[in-house]
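Results of the structural survey
Okay, here's what each chain looks like letter by letter:
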Amino acid sequence: MISSPLKTLAWSVMLGTGLVTASMPSRADTSAPAIAPSADGNVLRATLDNGLRVVIVRETLSPMVTTQITYLAGGYHTPDGFPGTAHALEHMMFRDSLGMTGSQLNEMTGKMGADNNAFTTNDATQYYFVAPSNYLDILLHIESTRMEGALLTQKDWDRERGAIEQEVSRDISDPSYLAFQKAERILYAGTGYAEDPLGTRPSFDKTTSTHLQSFYKDWYAPNNALLVIVGDVDPQRTLAKVHELFDKIPKRTLPEPIPVQLQAVHSQTIAATTPQGTGSVQFLYRMPGMMSKDNAAAQVLLDVLNNARSSLSGLAVQGKVLSADAQLQPFSHGGIGAIEVGFPKGGDAKKAQADLEGVIADLLKHGVPADLVEASKRSEIAQAEFNKNSAVSLASAWSQAIAWMGLSSPEEAEEQIRNVTVDDVNRVAREYLKPDQRVTVVLTSDNNGQRPPDSAGFGGSESFAGNDKLDAPLPSWAAEQLSKLELPRWTLAPVQMTLDNGIRLIVQPENISKTITVLGHIDNNAKLQEPTGQEGAARLLATLFDYGSTTLDRDAFHKALDDISATATGGTDFGVAALSDQFDRAVQLLADNELHPALPQQGFAVQQDTLARSLAGEMQSPQYKMMKALMTGLLPSGDPELRRPTPETIHALTLQNVKDYFAKTYRPDLTTIVVVGNVTPEAAKATVERYFGQWKAVGPKPEVISKPVAVNPAGYTAVENPYASQDQVLMGQMLELNMHNPDRYALQLGNDVLGGNGFASRLMTDIRVKHGYAYGAGSGMRFDRSRSIFFVQYGSDPDKVGPVDGLVRQNLIDMQNTPVKEDELTNARQYEIRSIPVGVASIDSIARSLLAWAWHGEPLDQPMIAAKHFMTLTPEQVQAAFKKYLKPQNLSQVVQGPPPAKH
C-alpha cells in the first residue's frame, strides 16, 4: 500500500501530526553510520558485519512482538518513467521467495494470529508484523528469506499487476489525491520527490519482472536496511537469532543517490471539484526535511497552528469556516506542509481563502504565541512517553529516528524538540510560509465530475489458475511450531467496582509507562432517544463539549489541558489521557467538562449553522447515499435506526432542546469508566469518586437497545459517482441472532474461512490472488445486543463487478453446502486464538476492549470465552450455522461508482 499524502496515517509517528516518509541512503556503498553493539536497559542495538542495523527493545505489556524492517528505497529511487517500481516490489515481496511461497506466507500469517502489511513512501519501504512473541523466530525467518530470496517471476508479476492497478484505480478516484500529486510536481519539480510513489497504469503496463529484479538487487541489501524488534522478547537471544539468519546475506554496493536540487517555486492555484459534501482550501508549502536542523521547529509550527487555541482553530470556532487543520508530510530532504480550511457546498471559496490568508499573514507579521510554542513542545515530549504504551508505536519511534531522521534514538529526536525556541519557529514560518511560494488547492463540492484518465480496464484475467491453495506444506522452520494449538496466556486482571451513583468502574493497573488512560461510555441510542423532529440533537450536542465547562470557558479549558499535556474528549464517549503525575487534574477537567458543559448560546448558534451546512452537502455525497441505501435495504420501513438528521431538523433545534437531551441522556447509572495505566485501583476509585461521585440520575432508565428485526429481502442500489474509476461494493444481510447467542462463534470461525482472515481466506484467494479482479475483498460480521449484520465489501473496475459478485455468492453457497475443510478450520481456529494477545497489545486497545465488553454485557475475558468455543467447533457445526443464518438470496447490494457492466 502507499502512505497516502495527507489522507491517512499509515504509520504511528513518533512526533506530532506528520506522516512518515523515509530517507535516502547517505553514502554510495554503505547505509547510515553503524550502531555499535550496546545494551541500554531494555534496549539492545547492534550492526551486523553486513551492515544490517538492528534495534531490539524489550516491552512486556503483552506477550506479543512487532518487527519492522525498513529498506531505504522508495519512490525517490525509482528509474525515470517507472515511478511505481518501489510500490510494485512491495507487492511482490508477498509472492514467492526461495524456500517460501506466497501461499505459505499467507497461511503462516493466519496461523500465527498475526497482522502484517507494508507501505511505500517517497523515501523508503517498510514491512511489518505484529504477532504473538513466541513466533518471533518465524518472523525473522520470513524477513531473512525475503531479503535475499524474492523470486520476482514474470508469472507472479502478471498476477499481481491486476491488484496493484486496482489500488491505483481506487486512489486516483479521489480528487484530493490527484490535486496533491500535481502540487508535489510543482513544489519538487526536477527531483525524485516530484512523482508520487503510487505509480501509474502506463508505467505498470511496461514494467516487467526484469525491472523489479534490478530494483531489488540494487536496493534490498542488509546495508540499506534497518530491523527494529519490540515486544516481550529476550534481547540477547533475539540478537543471536538475527545473527544466525541474516549474517549469511552479503552486503552490496548501493547505487549513488541523486541529491535533491530544489528549483524556485512560484505561486500557483489548482482548482478541482470533489464528490465530498464539503469543499476545502489548502495552502501547500515546501518544508524542511526530517534530516534538516529546522525539522523540529517546523513540527512545532504545525502543532501551534493545530492547537485548539490558535487563530487557525478560531476560524472554525467563530463559524467563518467549517473546519481548520494543519498537517506536515516530511520527507528526509524536504516536506510538504498543508494548512487547510473547509467550506460548505455552495459556499464562498474565495472568502474561506481570504480568512486563511489573514491567519497566515498575521502569524508572519506578529509571530507565534510563545505560550502555544511551549504547549506544543510539552505535548511532543509527553507523546514520547505515550509511545511506550504500544510496541508498534515504540518500534515506529525507533524506525523513524534512526532510518528517517538519521539520529541515534527517539531520545535524540525528543531533545531536538526541547531545544526549539520561539525565534526558531518564527524564523521557519517566515522562511517557508511565503505566499509567493505556495501552491493553493481549491476543491469545490460538486455532484458532477469525470473519471480520471488512464483508469479504465484495470486488472483481472481468468487465466491465473494455479497452485494457490492455503493448505500447502509449511517450511520446516515453521511447521512444527505452528502445529500445536494451546490457549494463550491471559494477561488482564481488571478490578471492577460500582460507585454509589451507579457508575461501573473498571481499573487495569499497568506500569509500562508513566501515563494513565481513562475512557468512558454512556449507554445511549440517539435513534430511540431523540424526540420526533429533533433528529441531530445528539450530534449537535457532541460538538459543544469543545467549548469548555460552566467554570472554564473554551480558552481556559484548553489551556488547562495544555498545561498538563493532556488530551480529552467529551460526549457519550469521553476520555482523557495524561501523564500519571497529572491524573487527578486530568480527571477533574474531564468531569467538569462532561458533567457541566458550558453549552453557550453563541457556540450553539455557530455549531448549529456549521452542522446544517455540512449536512446539506454530506447528504448529496456518494458515500452518504451508499450507506443510507445499505441501511434502507437491511431494515424495515419506519425502523427507528433509519432516522437521520437533516439541515431542517438541525435548524429547528433550540439550545433548550439540546440541554433537555443532555439532561435525559447523560446518566451515571448508564455509564462505564475504564482506567488503565500507572495507578492502583484504590487511587483510581478515589479520584473518579471525587469528581464524578456527585453526578445523580433522574427518572427511570431509558430504552437504548433496538428491537430485533427479521432477515431483509434482496435488494440492489446503484449510487452514481462520476469521479470514481472503480466501483465500491457493499453486500449485506441482517442475521437473526444477537451477540449473546453462542452460534456467533461458529459464524465467526466460518467467516474467517470465507473472507475475514485476509490472504488466508477464500475470498481474497479467489478474487485477488487467483484472478486479480480486486485489490482487496473480504467479509465481516458485526454482532450486537439485539441485531447483527453480515457484509461483504470489495472494490473493482465496473466490468469486474459481475465476476466478483458471482465468486462471492458461489463461495457463500459452498460454505452452506459443504463442510469446510479441516485444515481451513484449523487455520481459522489458530488465527482467532493466537491473535488474542495482539488484540490487547497496547494501553489504548486494553482500555477500548474492556470498555466495549463491559457496556455490551460481556465478560471481561471475552476472548478467552470465545477461544474455548473455537477449540471445539467442527466443520459440520460451521456449515450448519451458515446454512441456518446466511441467506445469499437475501443479500442487499449497493454499488457506488460508474455503472457496473450488466451480469
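Residues numbered from 1 in each chain as written. Predicted model: local features only at pLDDT ≥ 70, side-chain atom pairs only at ≥ 80, totals over all residues. Heavy atoms only, no water.

Here's the deal with the sheet that holds strand S19 (residues 715-720)
Consider a sheet: its strands pair through backbone hydrogen bonds, and that pairing is either parallel or antiparallel. Across the sheet, five strands lie side by side as S19-S23-S20-S22-S21; this open sheet has mixed pairing. Pairing within the sheet leaves two strands with one partner each, and these edge strands are S19 and strand S21 (774-783). Between one strand axis and the next, the sheet turns through 15 degrees on average, direction left out of account. Bridge analysis of S19 against strand S23 (residues 892-897) gives six bridges, and the strand direction is parallel. Residue pairing in the sheet places glutamate 720 in a bridge with glycine 897 of S23. Most of the contacts of helix H4 (residues 154-171) go to S21, to which it runs at about 75 degrees, and overall it touches strand S20 (727-735), S21 and strand S22 (788-796). (Pairing = 2+ DSSP bridges. Helix = DSSP H or I, 4+ residues; strand = E, 2+ residues; numbered from the N terminus. Axes fitted to C-alpha atoms, helices over the stretch in contact; angles between N-to-C directions. Contact = heavy atoms within 4.5 Å.)

A short note on the environment of alanine 324
The topology assignment puts alanine 324 in strand S10 (residues 323-331). Taking C-alpha positions, alanine 324 is 43 Å from methionine 112, a pair spaced 212 residues apart along the chain. Leaving out residues up to four positions away in the same chain, alanine 324 has contacts with Leu312, Ser313, Ala316, Glu340 and Val341.

Overview of the side chain of asparagine 224
Mapped onto the secondary structure, asparagine 224 falls in the loop between helix H7 (209-219) and strand S7 (225-231). For asparagine 224, the side chain forms a polar contact with the main-chain oxygen of tryptophan 219, separated by 3.0 Å. (Polar contact = N/O pair within 3.5 Å; in protein donor to acceptor, adjacent residues only side chain to side chain.)

Notes on the pairing of strand S18 (residues 671-677)
The side chains of a regular strand alternate, residue by residue, between the two faces of the sheet. Buried residues dominate S18, accounting for seven of its seven residues. Side chains Thr671, Ile673, Val675 and Gly677 project from S18 onto one buried face, and the interleaved Thr672, Val674 and Val676 project onto a second face that is buried too. Judged from the six bridges that link them, strand S14 (residues 504-509) and S18 form a sheet pairing that is parallel. Note that in S18 the partner of arginine 504 across the bridge is threonine 672. As defined by bridge partners, strand S15 (residues 515-522) adjoins S18 across seven bridges and the pair is classed as antiparallel. Of the residues in S18, the one forming a bridge with leucine 519 is valine 674. (Buried < 20%, exposed > 50% of the residue type's maximum accessible area, 1.4 Å probe, protein only.)

Description of the environment of proline 257
For proline 257, the location among the structural elements is in the loop between helix H8 (235-246) and strand S8 (268-274). Expressed as a C-alpha distance, the spacing of proline 257 and isoleucine 172, which sit 85 residues apart in the sequence, is 29 Å.

Description of helix H18 (residues 537-544)
Among the residues of H18, Ala537, Leu540, Leu541 and Leu544 are the ones counted as buried. Relative to the axis of H18, the buried residues are bounded by an arc of 100 degrees and lie together on one face. Check the buried side of H18 and you find it contacts helix H21 (601-618) and helix H24 (655-665). (Arc of directions from axis to C-beta.)

Digging into the pairing of S20
Within S20, eight of the nine residues are buried, which leaves the element mostly enclosed by the surrounding structure. Examined bridge by bridge, S20 and S22 share nine bridges and lie antiparallel to one another. When the bridges of S22 are listed, leucine 735 appears paired with serine 788. In this structure, S20 lies alongside S23, joined through five bridges in antiparallel fashion. Across the sheet, the residue bridging to valine 729 is valine 895, located in S23.

Here's the deal with the sheet that holds strand S16 (residues 567-569)
Taken in spatial order, the six strands of this open sheet run S13-S14-S18-S15-S17-S16, and their pairing is mixed. Looking at strand neighbours, the two that pair on one side only are strand S13 (495-498) and S16, the edges of this open sheet. Neighbour to neighbour, the strand axes of the sheet diverge by 15 degrees on average, direction disregarded. Across the sheet, helix H12 (residues 370-386) is in contact with S15 and strand S17 (573-579); its angle to S17 comes to roughly 95 degrees.

Details of the environment of glutamate 431
The residue glutamate 431 is located in helix H15 (residues 422-432) in this model. Taking the relative accessible area as the measure of exposure, glutamate 431 reaches 36% and is therefore partly exposed.

Digging into the packing of H18 against H21
For any two helices packed against each other, one specifies the crossing angle of their axes together with the interaxial distance. Between H18 and H21, the least distance of the axes is 10 Å, while the angle of their chain directions is 125 degrees. With respect to H21, the axis of H18 lies oblique. Two packed elements cross with a definite hand, and for H18 against H21 that hand is right-handed. When H18 is examined against H21, the residues Arg539, Leu540, Thr543 and Leu544 are found in contact with a partner set consisting of Gly603, Phe604, Gln607, Gln608, Leu611, Leu615 and Glu618. Of the residues that constitute the contact of H18 with H21, the class distribution is five nonpolar, four polar and two charged. (Parallel < 35°, antiparallel > 145°, perpendicular 65-115°, else oblique. Left-handed = near helix turned anticlockwise from the far one by under 90°. Nonpolar A, V, L, I, M, F, W, Y, C, P; charged D, E, K, R; others polar.)

A few points about the packing of aromatic side chains
For the structure on display, the rule yields 18 aromatic pairs. Geometrically, the ring pair formed by phenylalanine 662 and tyrosine 666 is tilted, given 4.7 Å between the ring centres and 40 degrees between the ring planes. Of the two residues examined, phenylalanine 662 and tyrosine 666, each falls in the buried class. Here the aromatic cluster, defined as three or more aromatic residues joined through ring pairs, consists of Tyr71, Phe94, Tyr127, Tyr216 and Tyr220. (Phe/Tyr/Trp six-rings, centres within 6.5 Å; stacked < 30°, edge-to-face > 60°.)

Considering the nonpolar core
One finds Leu52, Met112, Tyr220, Val242 and Phe246 to be the most contacted residues of the largest nonpolar core, which totals 58 residues. Ranked by residues supplied to this core, first place goes to helix H3 (residues 136-149) with six residues. Not counting the four nearest positions on each side in its chain, tyrosine 220 is found in contact with Tyr71, Ala73, Leu89, Met93, Thr125, Tyr127, Met147, Phe215 and Arg252. Residues Ile503, Leu541, Phe574 and Leu653 belong to the second largest nonpolar core, which totals 52 residues. (Core = buried A, V, L, I, M, F, W, Y, C linked by side-chain atoms within 4.5 Å.)

Thoughts on the pattern of salt bridges
Inspection of every chain in the model, using the stated rule, returns 39 salt bridges. The closest approach of N and O atoms between lysine 884 and aspartate 743, which form a salt bridge, is 3.8 Å. In this pair, lysine 884 sits in helix H33 (residues 875-885) while aspartate 743 sits in helix H26 (residues 743-756), placing the two residues 141 residues apart along the sequence. Note that lysine 800 is salt-bridged to aspartate 799, the shortest N-O span being 2.9 Å. When salt bridges with common partners are traced through the structure, they connect Lys293, Asp294, Asp424 and Arg427 into a single cluster. (Salt bridge = Lys/Arg side-chain N within 4 Å of Asp/Glu carboxyl O.)

Coordinates in, geometry out; function isn't part of it.
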